Amino acid sequence: MKTTVTALLAGLIFGLGLLLSGMANPEKVLGFLDITGAWDPSLALVMAGAIAVSLPAFQWLKGRGESLLKGPLQLPTNTHIDRRLVIGGLLFGIGWGLAGFCPGPAIVASGAGQEKALVFTLAMLAGMGIFRLAAHKMIPARE
Amino acid sequence: MTIDWAAFTPATALAGGALIGLASALLLIFNGRIAGISGMVGSLLESSSGVGWRLAFIIGLLLAPLAWQLFSALPPIKIAAGYPTLIAAGLLVGFGTRLGSGCTSGHGVCGLSRLSSRSMIATLVFMAAGFVTVYVLRHLLAG
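Model, not experiment: these values are computed from the prediction.

Participant: Sorry if this is basic, but what is going on with the overall build of chain A here?
Facilitator: Scanning chain A from terminus to terminus reveals six helices and one strand. With the principal axes as the frame, chain A shows a C-alpha extent of 45 × 40 × 30 Å. Counting all 143 residues of chain A, 51% fall into the buried class. Counting only contacts in chain A whose residues sit at least 6 apart along the sequence, the fraction spanning at least 24 positions is 46%. Looking at chain A as shown, the accessible area adds up to about 6000 Å², and 68% of this sits on carbon and sulfur atoms. Looking at chain A, you have 11 positive and 7 negative side-chain charges, and the mean spots of the two groups are 13 Å apart.

In structure tokens:
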């Protein structure tokens, strides 16, 4: 129960951060990705601000080994840089550049009642479903 | 490269970023979990275990605009892309983030805060793909 409440609070704060920073607005994200045009560097400062706060927390928790609610730390263990990581990043980046949406902002903008964000989010869910059905056949996990 | 000073919002970018970092830190500190939004959504589609905290975080994101509106009018959300582009982009983002094990939140914020080399590579790849996509769309195809 406690972990549900803390997750809800974290999601809410995350969403407010996306709204405050302007990152729930695709126009602003595309302004960052347009480095050869009139460039809006805001997204870089959003990342810097986020990492400045979360990096110390990650380093502290790594040393501690468990969460404050006495649960295990469930951090990714895969350190292998493989084809899936690179091809996945490429496809994600192309989609991000096409519409200016990544998953978090699309969900927040859907919550704001933006119909186009909801359409993007539903297509994103479909893309995840296609991955589940087909990816292991198309791109083996190990070459 | 020319900076669009009229669009650049350094203060709200840093403050919003700090909130995003705080949310990621809270989820790690209390739940022992990475705030990776594509991973949470994908896991909800794929598995019936660990639904509670993941769903709670996503509901938090969806409620953020409503919470914001208790205090102030929502900031602008401008979505220039048409429906065919939004659907293609959503499919690519959904498939790509699952294949590459993460998006801007999981790799970009949490992964870099963990000093993960996999996340560093993923972030460089999706940023580069986003830059190239916007360059092609705005400067090569649009002329």
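The rest of the description comes next.
Participant: What should I look at first to understand the interface of chain B and chain A in this one?
Facilitator: In many analyses, interface size is given as the accessible surface area lost on bringing the parts together. Across the contact, 104 residues belong to chain B and 108 residues belong to chain A. Both faces combined, the contact of chain B with chain A buries some 9800 Å², and carbon together with sulfur accounts for 78% of it. Interface area lost by chain B to chain A is led by Phe95, Leu99 and Arg118 of chain B, which between them contribute 8%. The interface formed by chain B and chain A includes three salt bridges. Across the pair Asp34 of chain A and Arg138 of chain B runs a salt bridge, and its minimum N-O distance is 3.1 Å.

Participant: I'm lost on the packing of helix 2 (residues 26-33) of chain A against helix 4 (residues 83-99) of chain A in this one. Help?
Facilitator: How two helices pack is summed up by the angle between their axes together with the distance between the axes. All names here are of chain A. Viewed as axis vectors pointing N to C, helix 2 and helix 4 meet at an angle of 120°, and their least axial separation amounts to 8 Å. One way to sum up the angle between helix 2 and helix 4 is to call them oblique. Here Pro26, Val29, Leu30 and Leu33 of helix 2 lie close against helix 4, whose contacting residues are Trp96, Gly97 and Ala99. A class-by-class count of the residues in the contact of helix 2 with helix 4 yields six nonpolar, one polar and no charged.

Participant: So what exactly am I meant to see when it comes to a nonpolar patch on the surface here?
Facilitator: Among the surface-exposed residues, Leu8 of chain A together with Val51, Leu55, Ile59, Leu63 and Leu66 of chain B lie close enough to one another that they form a single nonpolar patch of about 440 Å² accessible area. At five residues, the largest contribution of residues to the nonpolar patch is made by helix 3 (residues 51-69) of chain B. Among the secondary structure elements, Leu55 of chain B is positioned in helix 3. Accessibility expressed as a relative area gives 40% for Leu55 of chain B, which makes it partly exposed.

Participant: Would you mind showing me how to read the pattern of salt bridges here?
Facilitator: Two side chains bearing opposite charge may form a pair once their charged atoms approach each other closely. Under the defined criterion, the tally for this structure stands at seven salt bridges over all chains. Two residues, Asp82 of chain A and Arg118 of chain B, come together in a salt bridge whose shortest N-O distance is 3.7 Å. Here Asp82 of chain A is found in the loop between helix 3 (42-64) and helix 4, whereas its partner Arg118 of chain B is found in helix 6 (residues 117-141) on a different chain. Both residues of the pair, Asp82 of chain A and Arg118 of chain B, belong to the buried class. When salt bridges that share partners are traced, they join Arg64, Glu66 and Lys70 of chain A into one network.

Participant: I would appreciate a short explanation of helix 3 of chain A in the present structure.
Facilitator: Each α-helix turn comprises 3.6 residues. Residues three or four places apart therefore point the same way. Across its 23 residues, helix 3 of chain A extends 34 Å between first and last C-alpha, which sits within 8% of the 33 Å expected from 1.5 Å per residue. Residues of helix 3 of chain A that are buried include every one of Ser42, Leu43, Val46, Met47, Gly49, Ala50, Ile51, Ser54, Ala57, Phe58 and Leu61 of chain A, and no others. Here the buried face of helix 3 of chain A lies against helix 1 (2-21), helix 2 and helix 4 of chain A together with helix 1 (10-31), helix 5 (104-113) and helix 6 of chain B. Directly beyond the C-terminal end of helix 3 of chain A, a positive phi value near 85° is found at Gly65 of chain A.

Participant: Any chance you could explain the side chain of Asp82 of chain A here in plain terms?
Facilitator: Exposure remark for Asp82 of chain A: the relative accessible area of 8% places this residue in the buried category. A distance of 3.1 Å separates a polar atom in the side chain of Asp82 of chain A from the backbone nitrogen of Leu85 of chain A.

Calculation rules
- Residues numbered from 1 in each chain as written.
- Chains lettered and ligands numbered in written order.
- Predicted model: local features only at pLDDT ≥ 70, side-chain atom pairs only at ≥ 80, totals over all residues.
- Heavy atoms only, no water.
- Helix = DSSP H or I, 4+ residues; strand = E, 2+ residues; numbered from the N terminus.
- Buried < 20%, exposed > 50% of the residue type's maximum accessible area, 1.4 Å probe, protein only.
- Contact = heavy atoms within 4.5 Å.
- Areas by Shrake-Rupley, 256 points an atom, 1.4 Å probe, with all protein chains shown as cover.
- Lys, Arg positive; Asp, Glu negative; His and termini not counted.
- Charge placed at Lys NZ, Arg CZ, Asp CG, Glu CD.
- Buried area = accessible area lost by both parts, 1.4 Å probe.
- Salt bridge = Lys/Arg side-chain N within 4 Å of Asp/Glu carboxyl O.
- Axes fitted to C-alpha atoms, helices over the stretch in contact; angles between N-to-C directions.
- Parallel < 35°, antiparallel > 145°, perpendicular 65-115°, else oblique.
- Nonpolar A, V, L, I, M, F, W, Y, C, P; charged D, E, K, R; others polar.
- Patch = residues over 30% accessible without salt bridge, like charges linked within 9 Å, V, L, I, M, F, W, Y side chains within 5 Å.
- Expected span 1.5 Å × (residues − 1).
- Polar contact = N/O pair within 3.5 Å; in protein donor to acceptor, adjacent residues only side chain to side chain.

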